[in-house]
Amino acid sequence: MMTLFSQENNIEFGLPGFVANLLLTFFIISVLTFYRYNIGKAESVNFVELLWRVFVFGLIATLVTLMIEFFFSIFGAHKFAQNLLIINLFYHVILGLVIGFLISTYVVWKRLILYQKSKSLLAAWQIFEYALMMTLIFDLFSHDYQDTSFLVLYSILALIGIVLSFNLKWIAYLNFKQKWRSLLFIFLVVIYIWYFFKSLMSYSEQTVLVRDLLDSVYILAVITFIVVYSLISFLVILFNLPTTSVFERKIKEAVNFQRLSQSIPAGESEEKVYEILLDSAVSAVFSDAAWLEIHDEEDDVELTLTYNLQKKEIKDIEKAFEKSRFKKVLNSEFEKNTVYPKISANIKNTLSRSVLYFPVLIKNRKIGSLVLLKQVDDGFNKEMVDIIDTFVNQASISIENFRLLNEAIVTERYKEELDIANRVQSKLLPGDLVSTEAFDIHAFTVAADEVGGDYYDYFQLDDHRTALIIGDVSGKGTSAAFNMAQMKGIFQSLVQLDLDPKDFLIHANSALSRCLETTSFITVSYFVIDSNEQRINFARAGHCPSLFYRTDTQTSDFFKNKGLGLGILRNSNFHKYVQVNDFEYQPDDVLVLYTDGVTEACNASKEQFGMDRLLAALTRYADQQPQEIQKGIIDELYEFCGKRSLDDDYTLVILKFK
């Protein structure tokens, strides 16, 4: 304004022209310094509150600008309002407000981007910030926005700002209501900038001695950065809105589950709890290194677990921690134990810059400590501290419960599983196999555990046709029993459709592919017996080859047609692996269905019973009734193994035709 006054009155001002640029640069640095300490160092990490500050400042600046425009619209024809000094004065008022708004928004954006900062992110931001400061020196000398050096410098800053704008971790911590408010505030930020830019451009078009925004790399780079980050944040928040309510519900469910499960599962070791604690803590706060040290003389537990750290480095970090001048005890609202405090500190160490220390307590007795490290100063915020506190408390409770109740939990859980499995198992297998006019039938099954995965069943299709199935579920115990229940449901549903064996297996594979775990499968042999034609039509899905004894030749043989277990191949190509066979039977012929627990049973020398011994046993007892045939085979099996308790489920289904 002094330069303008000297030009208006033909007075020599006496100062070079770049002084105005220097004063503007000094003003920018002063405003930046103020907001860096006012906002950048504030303890609050409420993101909506930070956006609210930006909104309020922009609102004040907008109202002042509107009042100035209203003044000129009312008194525009008056000579006073046309005075270049008055116009220039109001322009600089608006310019100061706009610069204040831009810098305050820039500092808030910095706070959001550096939330949960990493070493690489911090380095990238420092490059961007130093480059911006260099542009203030560049702006001391008048440049046109069309200059090559101006465009190159602006392009570099804009590119770095775009890359940094994709750091949006803070959005994940907003609830549904906060996201809507954030959308409103961010949208208004863009509106404010558009309005300010438009207002300042209208002033720059007048023949007044002003500093045009288009001639400042710093201002244009900051505007570009603010607008880009606003747009990206707006879109990310907008696209996250549909899943926010579900996410919040899941968080509440997880918290409730955590409160309920105050003990670790039976069968897990105490060391497993410590491993889970360390892994969870490191993952939750993005720690660069960590260790968990347990020294419990009372229960004779000595353990040191580390993450991304050598044990020999622990002592050096502990020494640096003890010498730190920045050490502080967390506030009383969070701290509950003054004897064993939780501590956060910045330390002087070549590997780490900040540390978070938590004692591990059992019944208010310290048994160890958890230490988390980061390579940046002030690397741990309040949310991180709260999460770690929850994990440590949960681990302490779990360890305490484990030590007190482990045996009772194991017993109770085992009993409960067996009760469920036994109820399921009792409904899976047919109670009594009723012989028909075509054949006598007898079945025998024993589970390696209290429950097993072997399955057999039959269904009378009509007066002269019977469907028969035998299956073996992968695995043992309760999981096998539940998978067997699914197989029974599928059999009872499909068998009533009167499908041929190939179609039955194709439909069964399709159904099981949708409900079985990816690691599970079921082997099956499916038969349709026609007593009028004395013919058997069958197909095999990976099950043991069926054994058939012909009375006219007094020989036994296996049906080794190809087949793939149900649930192994879960696509439309399964039909290529199904082979259907049929054969005739004569009176007194014998069909033996079995599971691999019979042929794979081992003796003390790890030798298997095998298919040859099974075939020979059937040949010896084939002239007897099904029940006696079963007894003879099982007796030979027990004699071979030397025990009556085998390592796998084993089942025999024997049919003798009339």
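Everything here concerns the structure above.
How each quantity is defined
- Residues numbered from 1 in each chain as written.
- Predicted model: local features only at pLDDT ≥ 70, side-chain atom pairs only at ≥ 80, totals over all residues.
- Heavy atoms only, no water.
- Helix = DSSP H or I, 4+ residues; strand = E, 2+ residues; numbered from the N terminus.
- Contact = heavy atoms within 4.5 Å.
- Areas by Shrake-Rupley, 256 points an atom, 1.4 Å probe, with all protein chains shown as cover.
- Axes fitted to C-alpha atoms, helices over the stretch in contact; angles between N-to-C directions.
- Parallel < 35°, antiparallel > 145°, perpendicular 65-115°, else oblique.
- Left-handed = near helix turned anticlockwise from the far one by under 90°.
- Salt bridge = Lys/Arg side-chain N within 4 Å of Asp/Glu carboxyl O.
- Buried < 20%, exposed > 50% of the residue type's maximum accessible area, 1.4 Å probe, protein only.
- Pairing = 2+ DSSP bridges.
- Nonpolar A, V, L, I, M, F, W, Y, C, P; charged D, E, K, R; others polar.
- Patch = residues over 30% accessible without salt bridge, like charges linked within 9 Å, V, L, I, M, F, W, Y side chains within 5 Å.
- Phe/Tyr/Trp six-rings, centres within 6.5 Å; stacked < 30°, edge-to-face > 60°.
- Expected span 1.5 Å × (residues − 1).
- Arc of directions from axis to C-beta.
- Core = buried A, V, L, I, M, F, W, Y, C linked by side-chain atoms within 4.5 Å.
- Lys, Arg positive; Asp, Glu negative; His and termini not counted.
- Charge placed at Lys NZ, Arg CZ, Asp CG, Glu CD.

### Observations concerning the overall build of the protein chain
Secondary structure summary: the protein chain contains 16 helices and 16 strands in total. Considering only intrachain contacts with a sequence separation of at least 6, the fraction spanning at least 24 residues in the protein chain is 71%. Accessible surface computed for the protein chain: about 33900 Å², of which carbon and sulfur atoms make up 57%.

### Details of the packing of helix 5 (residues 119-138) against helix 6 (residues 148-164)
In contact at an axis separation of 10 Å, helix 5 and helix 6 are set at 155° when each is read in the N-to-C sense. When the axes of helix 5 and helix 6 are compared, the pair comes out roughly antiparallel. Both helix 5 and helix 6 take part in a crossing whose hand is left-handed. Facing Leu121, Ala124, Trp125, Ile127, Phe128, Ala131, Leu132, Thr135 and Phe138 of helix 5, the residues of helix 6 in contact are Ser149, Phe150, Leu153, Leu157, Ile160, Gly161 and Leu164.

### Quick look at the pattern of salt bridges
Taken as a whole and judged by the stated rule, the model has 13 salt bridges. Among the ionic pairs, Glu129 bridges to Lys110, the shortest N-O distance being 3.4 Å. Remark: Lys110 occurs in helix 4 (residues 84-113) and Glu129 occurs in helix 5; sequence separation between them is 19 residues. There is no split in this pair, since Glu129 and Lys110 are both buried. Put simply, Asp462 and Arg465 hold a salt bridge, and the shortest N to O gap is 2.9 Å. On the basis of relative accessibility, which here comes to 24%, the residue Asp462 falls in the partly exposed class. According to the relative accessible area criterion, Arg465 is buried, its value standing at 18%.

### Quick look at the side chain of Thr62
Inspection of the secondary structure assignment puts Thr62 in helix 3 (residues 47-75). What makes Thr62 buried here is its relative accessible area of 12%. Not counting residues within four places of it along the chain, the set of residues in contact with Thr62 comprises Tyr192, Tyr195 and Phe196.

### Focus: the sheet that holds strand 9 (residues 465-473)
Pairing within the open sheet is antiparallel, and its 5 strands lie in the order 8-9-10-11-14. Single-partner strands in this sheet number two, and they are strand 8 (454-460) and strand 14 (580-584). The mean angle between the axes of side-by-side strands here comes to 15°, regardless of whether they run parallel or antiparallel. Contacts from helix 12 (residues 477-494) reach strand 8, strand 9 and strand 10 (522-530) within the one sheet, and its direction differs from that of strand 8 by about 15°.

### A closer look at the packing of helix 12 against helix 13 (residues 501-513)
It is the contact of helix 12 with helix 13, at a shortest axis distance of 10 Å, that shows an interaxial angle of 140°. Accordingly, the angle class assigned to the pair helix 12 and helix 13 is oblique. Classified by chirality, the crossing of helix 13 by helix 12 is right-handed. Contacts from Met487, Ile490, Phe491 and Leu494 in helix 12 reach Phe504, His507, Ala508, Ala511 and Leu512 in helix 13. A class-by-class count of the residues in the contact of helix 12 with helix 13 yields 8 nonpolar, 1 polar and no charged.

### Comments concerning a nonpolar patch on the surface
A contiguous nonpolar surface patch, about 240 Å² in accessible area, is contributed by Leu59, Leu63 and Leu66. Along the polypeptide, Leu59 turns up in helix 3. A relative accessible area of 34% means that Leu59 is categorised as partly exposed.

### Some remarks on the packing of aromatic side chains
On inspection of all chains with the given rule, the structure shows 35 aromatic pairs. Seen from their ring centres, Phe491 and Phe504 are 6.1 Å apart, and the 75° between their planes marks the pair as edge-to-face. Separated by 13 residues along the polypeptide, Phe491 in helix 12 and Phe504 in helix 13 bring together distant segments of the chain. In terms of burial, Phe491 and Phe504 fall into one category: buried. When the ring of Phe538 is compared with that of Phe559, the centres are 5.2 Å apart and the planes differ by 50°; the resulting orientation is tilted. Placement of Phe538 in strand 11 (residues 535-541) and of Phe559 in strand 13 (residues 555-559) is noted, with a sequence separation of 21 residues between them. Taking the relative accessible area as the measure of exposure, Phe538 reaches 2% and is therefore buried.

### Quick notes on helix 6
Compared with the 24 Å implied by 1.5 Å per residue over 17 residues, the 25 Å span of helix 6 between its first and last C-alpha is a close match. Within the span of helix 6, buried status applies to Phe150, Leu157, Ala158, Gly161 and Leu164. End-on, the buried residues of helix 6 take up no more than an arc of 120°, which puts them together on one face. Turned more than 90 degrees off the buried face of helix 6, the exposed positions are Thr148, Leu159 and Val163.

### Topic: unusual backbone geometry
As a rule of thumb, non-glycine residues mostly have phi less than zero, and peptide bonds are mostly trans rather than cis. Phi is positive for Gln534, close to 50°, though the residue is something other than glycine. Judged by relative accessible area, which is 28%, Gln534 ranks as partly exposed. One non-glycine residue, Lys606, lies in the positive phi region at around 65°. Examined against the element boundaries, Lys606 turns out to sit in the loop between helix 14 (596-599) and helix 15 (610-621). On the accessibility criterion, Lys606 (70% relative accessible area) is exposed.

### Here we look at the nonpolar core
A general trend in soluble globular proteins is that nonpolar side chains are found buried together. By size, the foremost hydrophobic cluster in this structure holds 70 residues, and its most contacted members are Tyr106, Trp109 and Trp170. Among the elements that line this core, the one with the most residues is helix 4, at 15 residues. Not counting chain neighbours up to four residues away, the residues in contact with Trp109 comprise Leu51, Val54, Val189, Phe225, Ile226, Tyr229 and Ser230. One finds Leu468, Leu516, Phe548 and Val653 within the second-largest nonpolar core, a separate group that totals 51 residues.

### Re the pairing of strand 10
Across the 9 residues of strand 10, 9 count as buried, placing the element largely inside the fold. Side-chain alternation along strand 10 places Ile522, Val524, Tyr526, Val528 and Asp530 on one buried face and Thr523, Ser525, Phe527 and Ile529 on a second face that is also buried. With 9 bridges joining them, strand 9 and strand 10 adopt antiparallel strand pairing. Counterpart to Asp472 in the pairing with strand 10 is Thr523. Here strand 10 runs beside strand 11; their pairing, made up of 6 bridges, is antiparallel. The partner of Ser525 across the bridge, within strand 11, is Arg540. Taken together, strand 10 and the strand that follows it, strand 11, pair antiparallel across an intervening segment of 4 residues, in which Gln534 is found at a positive phi of about 50°.

### Brief notes about a negative patch on the surface
Taken together, the side chains of Glu293, Glu297, Asp300, Glu302, Glu318 and Glu322 define an acidic patch exposed on the protein surface. Here Asp300 shows up in the loop between strand 1 (289-296) and strand 2 (301-307). When its relative accessible area of 68% is taken as the criterion, Asp300 is described as exposed.

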